[in-house]
Amino acid sequence: MMIEFIEYFCALLIGIVLGLTGGGGSILTVPVLVYILNFNPIIASSYSLFIVGMTSLFGTLINFKKGNVVLKTGLQFAIPSLISVYITRKYIVHTIPEIIIQNSYFTITKDLFLMVLFAVVMFFAALSMLKTPTSEIVENKTNLFIIIFQIFCVGILIGLIGAGGGFLIIPALVHFAKLPIKKAIGTSLLIIACNSLIGFSGDVQNINPDWNFLFLFAAA
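Residues numbered from 1 in each chain as written. Predicted model: local features only at pLDDT ≥ 70, side-chain atom pairs only at ≥ 80, totals over all residues. Heavy atoms only, no water.

A. Geometry of the overall build of the protein. A tally of helices and strands in the protein yields nine helices and two strands. Counting the 220 residues in the protein, one finds 44% classified as buried. Relative to all contacts within the protein whose residues are 6 or more apart in sequence, the contacts with residues 24 or more apart total 76%. On the protein, roughly 12000 Å² of surface is accessible, and the fraction owed to carbon and sulfur atoms is 71%. (Helix = DSSP H or I, 4+ residues; strand = E, 2+ residues; numbered from the N terminus. Buried < 20%, exposed > 50% of the residue type's maximum accessible area, 1.4 Å probe, protein only. Contact = heavy atoms within 4.5 Å. Areas by Shrake-Rupley, 256 points an atom, 1.4 Å probe, with all protein chains shown as cover.)

Pasting the structure below:
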C-alpha cells in the first residue's frame, strides 16, 4: 500500500514539474523508476518514454488551446529527432553489451553507462539554461544542415537515456528558434510527445510492457 502511495505521489510530482517547465518529466521519471520502484534502467528508460509521452501529449493539447504551440517550429525540430530516437530504441539500445568494459580494477556495465550518461546530459543541460543570454543581436544565420544534424544527435541521446528531451529541446527553442519561454514550453511538449511515443514504439518490439502499471502511472 505504501509503495502504491509513493508511486502515485511521484507521478503527480512529475506531472506538475512537466506542466510548469515543459521539461523535467524524464529527469524525474527515470530515477523514480530505477531507484524507488527498482526497475531495470533499460525498462525504466522505455517506460519513461511512454509516461512522459502521454503526459506531454495532454500538456500539448492544453497549450495549443492557449496559443502556446508553434506547430511549424515544433515539426521542424521533431522530424530529425524522431528518426534517430526510433532507430536508437529499436536497434542500438538493445544491442549494447551487458558488460562494456571489465578489468581487474573496475567494471562498466550497460546499466551503469546509461545512468552516468543520463546524469552527464542533465548536468550540461542545466548549465546551458543558467547562462545569461547576451543582449547583442547576432545576425549570422546558423546553417540549416548543422541544426538538423544537431537535432538528430539530440534524438540519439534521447533514445539512449529514455528522455523526452525537454531539458535539451527548450534551450534549443529559446536560443536557436528565438521563441519566448511560454511558447518554447508549449512547443517543447509537442516535440516531447512525438519523440517519446515514437521511441516507445521502437521498444515495444523488444520488450513486454506492463500496460496496467504504465496507464495508471501516466494517468496520475
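B. Seen up close, the nonpolar core. Core analysis: the biggest nonpolar cluster contains 34 residues, and L33, Y47, L160, I161, F213, L214 and F217 have the highest contact counts within it. Among the secondary structure elements, those contributing two or more residues to this core are α1 (2–21), α2 (25–36), α3 (41–65), α5 (110–130), α6 (144–161) and α9 (211–219). Once you skip the residues sitting within four places of it in the chain, L33 turns out to touch N38, F39, A44, Y47, S48, I51 and F213. (Core = buried A, V, L, I, M, F, W, Y, C linked by side-chain atoms within 4.5 Å.)

C. Geometry of a nonpolar patch on the surface. Judged by side-chain polarity, L75, I79, I83, I87, Y91, I92 and F152 come together as a nonpolar surface patch covering roughly 610 Å² of accessible area. For the nonpolar patch, the element with the most residues is helix α4 (residues 71–92), which contributes six residues. Relative to the assigned elements, I87 resides in helix α4. (Patch = residues over 30% accessible without salt bridge, like charges linked within 9 Å, V, L, I, M, F, W, Y side chains within 5 Å. Salt bridge = Lys/Arg side-chain N within 4 Å of Asp/Glu carboxyl O.)

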